[in-house]
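Chain residues, written in single-letter form:
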Amino acid sequence: QSQPPAYSHPQQPGYPPQQNANYPYQQPYQQPYQQPYQQPAGYSAAHAPHVVVVANQPLQGPLPDDYCTFSILNTIFCCFWIGIFAIIRSQAVRDAIARGDRQGAERASAEALRLNKV
């Protein structure tokens, strides 16, 4: 008995017919050999650039209020759009505190309070 022909997709208009659906086995790709990295002559670790890490100190004293609860309640019960902007400014207070920026935190806190009182 003869075996059924291998399955192939029907001929599509505008495309050339398939010649051979049974592709030969191909060897897996082998990456060419690369030599390990060599440091340039005259280079030493003593001449490497230095990295300085500056960590922000936490803010001392009373922190500015972020009025987040006030902003959320204002959004739910009063004015939705102004409340959304007040929540954004409340988050800006928290971000400024995390950065260690007291002036930015106080400015954003005053603006969040002003938006909540509108």
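Structure: above.
Everything quoted here is computed from the prediction, not taken from an experiment.

**Student:** Help me understand the overall build of the protein chain, please; the structure alone is not making it clear to me.
**Tutor:** For the protein chain, the helix and strand inventory stands at three helices and zero strands. Overall, the protein chain shows an N-to-C arrangement of helices and strands of α-α-α. The buried share among the 118 residues of the protein chain stands at 17%. For the protein chain, restricting intrachain contacts to residue pairs at least 6 apart in sequence, the fraction spanning at least 24 positions comes to 62%. With an accessible surface of roughly 10700 Å², the protein chain has 58% of that area assigned to carbon and sulfur atoms.

**Student:** Where do I start with the packing of helix α2 (residues 80-99) against helix α3 (residues 102-117) in this structure?
**Tutor:** The description of two packed helices rests on the angle between their axes and on the distance between the axes. Two numbers describe how α2 lies on α3: the axes approach to 8 Å, and their chain directions differ by 165°. With respect to α3, the axis of α2 lies roughly antiparallel. Considering how the two elements wind past one another, α2 and α3 form a crossing that is left-handed. Judged by residue contacts, Ile 82, Phe 85, Ala 86, Arg 89, Ser 90, Ala 92, Val 93, Ala 96 and Ile 97 of α2 engage Gly 104, Ala 105, Ala 108, Ser 109, Glu 111, Ala 112, Leu 115 and Asn 116 from α3.

**Student:** When you look at the nonpolar core in this model, what are you seeing that I'm missing?
**Tutor:** Nonpolar side chains in soluble globular proteins tend to end up buried together. By size, the foremost hydrophobic cluster in this structure holds five residues: Ala 92, Val 93, Ala 96, Ala 105 and Ala 108. Mapped by element, the contributors of at least two residues to this core are α2 and α3. The biggest single contributor to this core is α2, with three residues.

**Student:** Mind showing me how you'd approach the environment of Arg 99 here?
**Tutor:** Tracing the backbone through its elements, the reader meets Arg 99 in helix α2. The class of Arg 99 is partly exposed, set by a relative accessible area of 48%. On a C-alpha basis, the gap between Arg 99 and Gln 57 in space is 8.8 Å, while along the polypeptide they are 42 residues apart.

**Student:** Quick question: what am I supposed to make of α3 here?
**Tutor:** Residues three or four positions apart in an α-helix share a direction because the helix packs 3.6 residues into each turn. Between its first and last C-alpha atoms α3 spans 23 Å; for 16 residues at 1.5 Å apiece the expected length is 22 Å, and the two agree. Those residues of α3 not exposed but buried are Gly 104, Ala 105, Ala 108, Ser 109, Ala 112, Leu 115 and Asn 116. Taken end-on, α3 shows its buried residues confined to a sector of 130°, consistent with a single buried face. In this structure, α3 carries Gln 103, Arg 107 and Lys 117 as exposed residues pointing more than 90 degrees from its buried face. Residues of α3 that are buried make contact with α1 (68-77) and α2. For α3, the N-terminal cap is Asp 101; the gap from its side-chain oxygen to the backbone nitrogen of Gly 104 is 3.1 Å.

**Student:** Got a minute to help me understand the environment of Pro 58 in this structure?
**Tutor:** Within the secondary structure, Pro 58 sits in the segment before α1. For the pair Pro 58 and Ile 97, spaced 39 residues apart in the sequence, the C-alpha separation amounts to 8.0 Å.

**Student:** It is not clear to me how a nonpolar patch on the surface should be interpreted in this structure. Could you clarify?
**Tutor:** A grouping of Ile 72, Leu 73, Ile 76 and Phe 77 is seen on the molecular surface, where their side chains present a nonpolar patch of about 440 Å² in accessible area. You can see Leu 73 is positioned in helix α1.

Criteria and thresholds
- Counting restarts for each chain, with residues numbered from 1 along the sequence as it is written.
- Reporting of local features is limited, given that this is a predicted model, to residues whose pLDDT is at least 70; pairs of side-chain atoms are given and counted only at 80 or more, and all residues count toward the totals for whole chains, interfaces and linings.
- Side-chain calculation: all heavy atoms of the structure are included, whereas hydrogens and water are not.
- The way it works is that DSSP assigns letters per residue, a run of H or I at least four long becomes a helix, a run of E at least two long becomes a strand, and they are numbered from the N terminus.
- For each residue, the accessible area found with a 1.4 Å probe, counting protein chains only, is set against the maximum for its type, and the residue is called buried under 20%, exposed over 50%, and partly exposed in between.
- Contacts: residue pairs with any heavy atoms within 4.5 Å of one another.
- Per-residue and other accessible areas follow the Shrake-Rupley method at a 1.4 Å probe size, with only the shown protein chains counted as cover for residues.
- Note on geometry: axes are lines fitted to C-alpha atoms, helical ones only across the stretch in contact, with angles between N-to-C directions running from 0 to 180 degrees.
- Relative orientations are named as follows: roughly parallel for angles under 35 degrees, roughly antiparallel for angles over 145 degrees, roughly perpendicular for angles from 65 to 115 degrees, and oblique for any other angle.
- By the definition used in this description, the sense in which the near helix is turned from the far one sets the handedness, with an anticlockwise turn below a right angle giving left-handed and a clockwise turn giving right-handed.
- What makes a nonpolar core is a set of buried Ala, Val, Leu, Ile, Met, Phe, Trp, Tyr and Cys residues whose side-chain atoms join them at distances within 4.5 Å.
- Here a helix's expected span is defined as the number of its residues, less one, multiplied by 1.5 Å.
- By arc we mean the arc of the directions from the helix axis to the C-beta atoms, nothing more.
- N or O atoms closer than or at 3.5 Å make up a polar contact, with two conditions inside protein: a donor-capable atom paired with an acceptor-capable one, and, for residues adjacent in sequence, both atoms drawn from side chains.
- Each patch is built from residues lacking any salt bridge and having more than 30% relative accessible area; the joining distance is 9 Å for like charges and 5 Å for nonpolar side chains (Val, Leu, Ile, Met, Phe, Trp, Tyr).
- Here, a salt bridge means any Lys or Arg side-chain nitrogen found within 4 Å of an Asp or Glu carboxyl oxygen.

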